[in-house]
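Take a look at the letters that make up each chain.
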Amino acid sequence: MPDSAGREGIGAFGRRARLGVNIDHVATLRNARGVAYPDPVRAALLAIAAGADGITAHLREDRRHIRDGDITRLMAAIDRPLNFEMAVTDEMIAIAIANRPHAACLVPERREEVTTEGGLDVAGQANRVRDAVARLGDAGIRVSLFIDPEPVQVEAATRVGAPVVELHTGAYCEMVEVGDEAGAARELARLAASAKESHTAGIEVHAGHGITFASVGPVAAIPEFAELNIGHFLVGEAVFQGLGGAIAEMLCQMELARLAGGVGGAGR
């Protein structure tokens with residue numbers, strides 16, 4: 001199966017998972033002052049120079065961070081795949097089709113949330129999601145569905161024809177953050193089971209949300225994961241060691257975890 005950059009032959013069970021860097025919160029910082037800096041496009045170029053395999057940007061309905069012009073500039077500036085995160089709305093589908101990013105990740109969206117709080121309910125809105133998958137696919141855009149690691153959602157993603165799912169790692173990462181080892185083990189098992197189920201169904205499997213240096217190792221070690229998408233933590237860590245340094249360390253931990261089958265990436 002081709003990877004997000006269109007390359008054949010690495011897939012799951014090979015080298016480290018690919019790293020997609022989400023630049024949304026560079027734009028959040030820019031918008032806080034209503035100025036032109038820091039520029040998320042510059043951040044994308046720095047991320048690629050540091051080894052990122054792709055760039056993720058979420059254009060929300062309220063434009064709280066990434067803006068329409070950022071998408072246009074990203075498409076013109078970067079030489080890696082752009083993963084366009086978007087709600088399942090006619091407005092966002094039209095924007096995606098107009099820009100033709102490599103991939104579109106369909107996510108749930110509520111105006112009052114601070115960030116995406118859960119996976120897309122594909123099972124509960126299968127017809128709507130199936131239509132979006134078809135329209136985007138017809139435009140040559142590879143579609144992924146951001147879902148919770150639940151069998152019902154994996155099965156629904158298969159039914160609507162999605163070529164990729166991204167499993168929501170937030171619950172696992174939260175357990176790691178609070179030091180709940182039993183909870184972390186439970187959530188990691190759910191992720192591993194859903195990743196295996198998705199891969200068996202012929203769906204490429206990605207993961208993302210809340211991943212840090214403390215939580216990346218066990219996730220990156222799951223062999224079915226072809227790609228991890230990480231943003232907020234890397235932007236925050238850039239304050240202390242620069243964006244390139246944060247990405248380089250994350251890539252190193254991902255590589256060690258895959259090579260060691262789960263050993264490594266357990267902290268700094």
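Everything discussed here concerns the structure shown above.
Because the structure is a prediction, the values reported are computed rather than measured.

1. Some words on the side chain of Glu187
The residue Glu187 is located in helix 8 (residues 181-200) in this model. Contact partners of Glu187, with chain neighbours within four places excluded, come to Ala171, Tyr172 and Met175.

2. Points about the pattern of salt bridges
Scanning the model with the defined rule gives 17 salt bridges in all. In the salt-bridge network here, residues are joined through shared partners; they are Arg18, Arg142, Glu204 and Glu227.

3. Concerning the nonpolar core
With 75 residues, the main nonpolar core has Leu106, Leu145 and Leu228 as its most contacted residues. With residues near it in sequence (within four places) discarded, Leu145 still touches Leu106, Leu120, Val122, Val129, Val133, Ala157, Val160, Ala162, Val164, Val165 and Glu166.

4. Considering the sheet that holds strand 1 (residues 18-22)
Read around the barrel, eight strands follow the order 1-2-3-4-5-6-7-8 and close on themselves; strand pairing throughout is parallel. Averaged over all neighbouring strand pairs, the angle between strand axes comes to 25°, with direction disregarded. Relative to strand 4 (residues 103-106), strand 3 (residues 82-86) is paired through four bridges, and the arrangement is parallel. Looking across to strand 4, one finds that Phe84 is bridged to Ala104. The strands touched by helix 3 (residues 68-77) within the sheet are strand 2 (54-58) and strand 3, with strand 3 carrying the most contacts at an inclination of about 160°.

5. Observations regarding the layout of surface pockets
The space that makes up the second largest pocket amounts to roughly 260 Å³. Elements represented by at least two residues in the lining of the second largest pocket include exactly helix 1 (24-33), helix 2 (40-49) and helix 10 (232-260). The biggest single contributor to the lining of the second largest pocket is helix 10, with four residues. Taken together, the residues that form the lining of the second largest pocket break down as nine nonpolar, no polar and two charged.

6. Overview of the pairing of strand 1
Buried residues dominate strand 1, accounting for five of its five residues. Going residue by residue along strand 1, you find Arg18, Gly20 and Asn22 tucked away on one face and Leu19 and Val21 tucked away on the opposite face as well. Summarising the sheet, strand 1 and strand 8 (residues 225-230) pair through four bridges and their orientation is parallel. What sits directly across from Arg18, in strand 8, is Glu227. In this structure, strand 1 lies alongside strand 2, joined through three bridges in parallel fashion. The residue of strand 2 that forms the bridge with Val21 is Ile55.

About the cut-offs
Residues numbered from 1 in each chain as written. Predicted model: local features only at pLDDT ≥ 70, side-chain atom pairs only at ≥ 80, totals over all residues. Heavy atoms only, no water. Helix = DSSP H or I, 4+ residues; strand = E, 2+ residues; numbered from the N terminus. Contact = heavy atoms within 4.5 Å. Salt bridge = Lys/Arg side-chain N within 4 Å of Asp/Glu carboxyl O. Core = buried A, V, L, I, M, F, W, Y, C linked by side-chain atoms within 4.5 Å. Buried < 20%, exposed > 50% of the residue type's maximum accessible area, 1.4 Å probe, protein only. Pairing = 2+ DSSP bridges. Axes fitted to C-alpha atoms, helices over the stretch in contact; angles between N-to-C directions. 1 Å grid on protein atoms, 1.4 Å probe; cavity = no way out; pocket = protein on both sides within 12 Å on 5 of 7 lines; lining within 4 Å. Points joined across faces, edges and corners; volume = space filled by probe spheres on them. Nonpolar A, V, L, I, M, F, W, Y, C, P; charged D, E, K, R; others polar.

Taken by themselves, the reported measurements are silent on function.
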